[in-house]
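Descriptive analysis of the structure
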Amino acid sequence: MKRATAEGINSVLSTPLMVAARPVGALNIYSKVVHSFGPSEQERAAWFASRSSTIVADTQTGDADETVHAQLTEALKSRETISRAEGVLMGQRAITRDAAAAELRRSARRADTPMHEYACTVIASEPPRTVRLGQDSP
Amino acid sequence: MTQPESALEAARKSADPSLGDLWFRYFALGGASSTLEVEAYRHGALIPTVEDQDLLAVALNERFSELGGDHPLPDSDDADAADG
């Protein structure tokens, strides 16, 4: 407070920014004048804080959307990789999808590798095939 | 031999991922149950299918690994699981 006074600040009005009944920050207004903030200033600050809170809340929701979007994108990529690896194992070993899924889990565990990473190596182990339609290949 | 449900519950408590984190991991592995169902599995209010049980075990084990731990949860058809 001494430092504030030294900076020429003699009044502070602090109003909480509330989102869903939880404080997320504060709106601080400083004045060089002593006892600068009366009831009408407090009321106007509260009005401004409530509008600001809405903007803060919208920003936070936007951040949450972005996080969920990123997680979903990652999860869908992982699912597709695992599904393709199961397909490769089904083809290579002539086994059912359930057996391929179990084999993938078991192998990833033994290799101490996350399943989607192990799935990538399974897919990479499958040599590319050339498929020709409508004609016999030699 | 520990029952799968109690092993899952014990592992959950020690790794303690949030429901959202656990569900995303489970979903990324190919799981199709909702967050509500996964929450019910965690609390023993619903019995997961063998496939779901295995996927949740993998999800939790992968989290253990990231935390620097071992793979304490057995796979349903992995006979070697008990040996580590």
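Counting of residues starts from 1 at the beginning of each chain's written sequence and follows it residue by residue. Here the convention is simple: chains get letters from A, ligands get numbers from 1, in the order in which they are written. Where local features are concerned, this predicted model is filtered to residues with pLDDT of at least 70; where side-chain atom pairs are given and counted, the filter is 80 or more; whole-chain, interface and lining totals use all residues. Calculated side-chain values reflect all of the structure's heavy atoms, with hydrogen atoms and water omitted.

Some words on the overall build of chain A
Our working rule: Numbering of helices and strands runs from the N terminus; a helix is a DSSP stretch of H or I covering at least four residues, while a strand is a stretch of E covering at least two. We call two residues in contact whenever any of their non-hydrogen atoms come within 4.5 Å of each other. Residue exposure ignores everything except the shown protein chains as possible cover, and the areas themselves are Shrake-Rupley values with a 1.4 Å probe.
On a plain count of helices and strands, chain A comes out with 4 helices and 2 strands. Counted from the first residue to the last, chain A has its helices and strands arranged as α-β-β-α-α-α. If you take every contact in chain A between residues at least 6 apart in sequence, the share linking residues at least 24 apart comes to 41%. As displayed, chain A has an accessible area near 9900 Å², and 55% of this comes from carbon and sulfur atoms.

Concerning the overall build of chain B
For clarity, the cut-off: Remark: exposure states derive from per-residue accessible area (1.4 Å probe, protein chains only) relative to the maximum for the residue type, with buried under 20%, exposed over 50%, and partly exposed in between.
Scanning chain B from N- to C-terminus turns up 4 helices and 0 strands. Counting from the amino terminus, chain B carries its helices and strands in the arrangement α-α-α-α. Put simply, chain B has 84 residues, and 46% of those count as buried. Surface accessibility of chain B: about 4400 Å² in total, with carbon and sulfur atoms responsible for 55%.

Examining the pairing of strand 2 (residues 22–31) of chain A
Note the threshold: At least two bridges found by DSSP between two strands are what make those strands a pair.
Here strand 1 (residues 11–19) of chain A pairs with strand 2 of chain A via 9 bridges, running antiparallel. Residue Val19 of chain A lies in a different strand from strand 2 of chain A, and its bridge partner there is Arg22 of chain A.

Re unusual backbone geometry
Residue and element names in this part refer to chain A. The backbone of His35 sits at a positive phi, close to 50°, despite the residue not being glycine. By the element assignment, His35 lies in the loop between strand 2 and helix 2 (39–93). You can call His35 exposed: its relative accessible area is 77%. Even without a glycine there, the phi angle at Asp112 is positive, about 55°. With respect to the helices and strands, Asp112 occurs in the loop between helix 3 (97–110) and helix 4 (115–125). Residue Asp112 is classed as exposed on the basis of its relative accessible area of 52%.

Focus: the interface of chain B and chain A
Operational definition: What gets called buried area is simply the loss in accessible area from a 1.4 Å probe that two parts show on being joined, summed for both. Salt bridges are defined by distance alone: a side-chain nitrogen of Lys or Arg within 4 Å of a carboxyl oxygen of Asp or Glu.
The interface is formed by 19 residues belonging to chain B together with 16 residues belonging to chain A. Taken over both partners, the interface formed by chain B and chain A buries close to 1600 Å², and the fraction arising from carbon and sulfur atoms is 52%. Where chain B meets chain A, there are 2 salt bridges. Measuring nitrogen to oxygen at the nearest pair gives 2.9 Å for the salt bridge that ties Arg105 of chain A to Asp54 of chain B.

A closer look at helix 4 of chain A
The criterion, for reference: The arc in question is traced by the directions running from the helix axis to the C-beta atoms.
Three or more residues of helix 4 of chain A are buried, namely Met115, Ala119, Val122 and Ile123 of chain A. The buried residues of helix 4 of chain A occupy an angular sector of 100° when projected down its axis, which confines them to one face. In this structure, the buried side of helix 4 of chain A is in contact with helix 2 and helix 3 of chain A together with helix 4 (50–66) of chain B.

Comments concerning the confidence of the model for chain B
Residues and elements named next belong to chain B. Cut-off, in case you're wondering: Every residue gets a pLDDT, meaning the predictor's confidence in that residue, from 0 to 100.
When pLDDT is averaged along chain B, the result is 80; 73% of the residues meet or exceed 70. Long-range and interchain partners of residues 80–84, a stretch whose pLDDT sits below 50, account for 4 contacts in this model, where long-range means more than four residues apart. Both scores are available for the predicted complex, with the pTM at 0.63 and the ipTM at 0.71.

Looking at the packing of helix 2 (residues 19–28) of chain B against helix 3 (residues 35–42) of chain B
Two packed helices can be described by the angle between their axes and the distance between those axes. Residues and elements named next belong to chain B. Note the following rule: Whenever a helix is involved, its axis is fitted only over the stretch in contact; in every case the axis is a line through C-alpha atoms, and angles between N-to-C directions fall within 0 to 180 degrees. Every angle not falling under 35 degrees, over 145, or within 65 to 115 is termed oblique; those three ranges are roughly parallel, roughly antiparallel and roughly perpendicular. We call Asp, Glu, Lys and Arg charged. Ala, Val, Leu, Ile, Met, Phe, Trp, Tyr, Cys and Pro are nonpolar, and the rest, Gly among them, are polar.
Their axes nearest at 10 Å, the elements helix 2 and helix 3 cross at an angle of 110°. Comparing the axis directions of helix 2 and helix 3 gives the class roughly perpendicular. Contact residues: helix 2 offers Leu19, Leu22, Trp23 and Tyr26, while helix 3 offers Thr35, Val38, Glu39 and Arg42. Of the residues that constitute the contact of helix 2 with helix 3, the class distribution is 5 nonpolar, 1 polar and 2 charged.

Quick look at the side chain of Ser78 of chain A
Examined against the element boundaries, Ser78 of chain A turns out to sit in helix 2. If we ignore the near neighbours within four places in the chain, the residues touching Ser78 of chain A are His116 of chain A together with Ala28 and Leu29 of chain B.

Description of the packing of aromatic side chains
Two aromatic rings are characterised by how far apart their centres lie and by the angle between their planes. Note the threshold: Each aromatic pair joins two rings of Phe, Tyr and Trp (for Trp, the six-membered one) with centres within 6.5 Å, and gets the label stacked for planes under 30 degrees apart, edge-to-face for over 60, and tilted for any other angle. Here, a charge over a ring is recorded when the distance from Lys NZ or Arg CZ to the ring centre is within 6 Å and its angle to the ring normal is within 35 degrees.
Throughout the structure, instances matching the rule amount to 2 aromatic pairs over all chains. Aromatic pair Trp23 of chain B and Phe24 of chain B: ring centres 5.3 Å apart, planes at 70°, arrangement edge-to-face. Residue classification places Trp23 of chain B among the buried residues on the basis of a relative accessible area of 15%. Geometrically, the ring pair formed by Trp23 of chain B and Phe27 of chain B is stacked, given 4.8 Å between the ring centres and 15° between the ring planes. In this pair, Trp23 of chain B and Phe27 of chain B both sit in helix 2, 4 residues apart, roughly one turn of the helix. Residue Phe27 of chain B is classed as buried on the basis of its relative accessible area of 15%. Members of the aromatic cluster, each reached through a chain of ring pairs, are Trp23, Phe24 and Phe27 of chain B. In this arrangement the basic side chain of Arg79 of chain A is found over the ring face of Phe27 of chain B, its NZ or CZ atom lying 4.3 Å from the centre.

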